[in-house]
Amino acid sequence: MTGARLPEPRGPVSAALLDALRGSDAHFPPLPADPYGDDLQLALYVLYELHYLGFDGVPDDREWDPQLLTLRAALEDPFLRALRTDAPVDPSDTAEGALDELQLEPVGEADGSLSHFLRDHGSLEHVRQYAALRSLYHLKEADPHAWVIPRLRGRAKAAMVAVEFDEFGAGRADEIHARLFADLMTDLSLDTTYGHYLDAAPAEALATVNLMSLFGLHRALRGALVGHFATVEVTSSPASRRLAQALRRMNAGPAAVRFYTEHVEADAVHEQVVRHEVVAGLLADEPWLETDVVFGIRATGHLEDRLGARLLPAWRDGRSALRTNRVTRPSRTGPHGG
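Thresholds applied
- Residues numbered from 1 in each chain as written.
- Predicted model: local features only at pLDDT ≥ 70, side-chain atom pairs only at ≥ 80, totals over all residues.
- Heavy atoms only, no water.
- Helix = DSSP H or I, 4+ residues; strand = E, 2+ residues; numbered from the N terminus.
- Rg over C-alpha atoms; globule rule 2.2 N^0.38 Å.
- Expected span 1.5 Å × (residues − 1).
- Buried < 20%, exposed > 50% of the residue type's maximum accessible area, 1.4 Å probe, protein only.
- Contact = heavy atoms within 4.5 Å.
- Axes fitted to C-alpha atoms, helices over the stretch in contact; angles between N-to-C directions.
- Parallel < 35°, antiparallel > 145°, perpendicular 65-115°, else oblique.
- Left-handed = near helix turned anticlockwise from the far one by under 90°.
- Nonpolar A, V, L, I, M, F, W, Y, C, P; charged D, E, K, R; others polar.
- Phe/Tyr/Trp six-rings, centres within 6.5 Å; stacked < 30°, edge-to-face > 60°.

Q: Hey, could you go over the overall build of the chain for me, with residue numbers and the actual values?
A: Secondary structure assignment for the chain yields 13 helices and zero strands. From first element to last, N terminus to C terminus, the chain shows the α and β order α-α-α-α-α-α-α-α-α-α-α-α-α. In terms of overall dimensions, the chain is globule-like: its C-alpha atoms have a radius of gyration of 19 Å, near the 20 Å expected for 338 residues. When the backbone C-alpha atoms are referred to their principal axes, the chain occupies close to 50 × 50 × 40 Å.

Printed below as a string of structure tokens:
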């Protein structure tokens, strides 16, 4: 087994898709009404995963199945339209201004900051839930952004490769950031199997991962992917510092703490490289992509805000933020991602 197991369906479209991947004739029903809902987001996640490690028992050539690609395009359209509506960009907006806005940090968890809540009030179980959800991204951390490399030139490409080189462990398999996150999960007694927590993740968590794949798989959205990448690097260092403080308070283990302390230093450097070389280099070559970069920044923030709005009320009310209780299962295998 190299890929994940197929998840449970969440509606008629995802059910039909999963049946098709198991070998049944594909008969897809009308699209879901909610572009952010469970059925659409799970179907998109599954279709995108065919471009990563795939699923156990699903033939590799389904990645380019014309019928599945047609479904993917049909699902992407309402998702992208919703994002453009909910994360609007004015023609006068600049990438520099949008990145500066990211540095205006929320005052605390009352403003929707997950890292503030976890640092100040979070329990070990909250951190375990958070790590379980983030594993869908972090076990493939640098992979979606790598798709933009052949779509960049010169200065932007060189800088992007330099940052990605660090994300992939600077040539050392045990330092790949996805490997470091798997080590964090082990410290938290979580299962490190690639895709293990897919059924536990609400649509809001799936959407944050789907956004990277959406941007990464479309050359026309290369500017938006650079905007997403810049957002991650600009916001990572201060949030990682708070998460490291939370984990130290909980005595979560050295590997758990290390993942975030590593990002405090590395991403502070990456932020400058991304701002002044990747973004500036891209816009020097293709200035017409500025609104796309801003859109990528705004769309990323919008979906992260939606995720915070899902998790924080549940935690404050003493409820699990997960769809299932699979987070309680202990770690038993090593990661397949990376």
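Q: Please provide a residue-by-residue account of helix α2 (residues 38-49), values included.
A: Relative to the 16 Å expected for twelve residues at 1.5 Å per residue, α2 spans 16 Å between its end C-alpha atoms, a close match to the ideal helical length. For α2, the complete set of buried residues consists of D39, L40, Q41, L42, A43, L44, Y45, V46, L47, Y48 and E49. The inward-facing, buried residues of α2 contact α1 (12-21), α3 (66-86), α6 (124-138) and α10 (203-216).

Q: Describe in detail the environment of H276, supporting the description with residues and values.
A: Structurally, H276 can be placed in helix α12 (residues 254-285). Taking the C-alpha atoms as reference points, H276 and A156, 120 residues apart in sequence, are found 9.2 Å from one another.

Q: Account for the packing of α6 against α10, naming residues and giving values.
A: Relative to each other, α6 and α10 sit at 15°, their axes nearing to 9 Å. Comparing the axis directions of α6 and α10 gives the class roughly parallel. Viewed along their axes, α6 and α10 form a crossing whose handedness is right-handed. On α10, the residues touching L133, R134, L136 and Y137 of α6 are A205, L206, T208, V209 and M212. Taken together, the residues of the contact of α6 with α10 sort by class into seven nonpolar, one polar and one charged.

Q: Summarise the packing of aromatic side chains; cite the residues concerned and give the values.
A: For the structure shown, the criterion picks out six aromatic pairs. Ring centres of Y52 and W147 lie 5.1 Å apart, and the angle between their planes is 50°; this geometry places the pair in the tilted category. Remark: W147 occurs in the loop between α7 (143-146) and α8 (154-167) and Y52 occurs in the loop between α2 and α3; sequence separation between them is 95 residues. Judged by relative accessible area, which is 17%, Y52 ranks as buried. Among the residues examined, W147 registers a relative accessible area of 23% and is labelled partly exposed. Here the aromatic rings of F215 and F295 are separated by 5.9 Å at their centres, their planes lie at 65°, and the arrangement is edge-to-face. Remark: F295 occurs in helix α13 (residues 290-316) and F215 occurs in helix α10; sequence separation between them is 80 residues. F295 shares its class with F215; the two are buried. Among the aromatic side chains, those forming a connected cluster through ring pairs are F181, F259 and Y260.

Q: I'd like to hear about the packing of helix α4 (residues 95-102) against α13, residue by residue, with values.
A: Packed helices, taken two at a time, are described by their axes: the angle between them and the distance between them. Between α4 and α13, whose axes approach to 9 Å, the crossing angle comes to 15°. In terms of orientation, α4 lies roughly parallel with respect to α13. Crossing angle aside, the handedness with which α4 passes α13 is left-handed. Seen from α4, the contacting residues are A95, E96, A98, L99, E101 and L102; seen from α13, they are E290, V293, V294, I297 and R298. Here the residues of the contact of α4 with α13 sort into seven nonpolar, no polar and four charged.

Q: Lay out unusual backbone geometry with the relevant residues and their values.
A: We note that A170 has phi near 50°; this positive angle belongs to a residue other than glycine. Tracing the backbone through its elements, the reader meets A170 in the loop between α8 and α9 (177-187). For A170, a relative accessible area of 39% translates into the label partly exposed. Look at N251: it is not a glycine, yet its phi comes out positive at around 50°. On the accessibility criterion, N251 (71% relative accessible area) is exposed.

As far as function goes, none of this settles anything; it's purely spatial.
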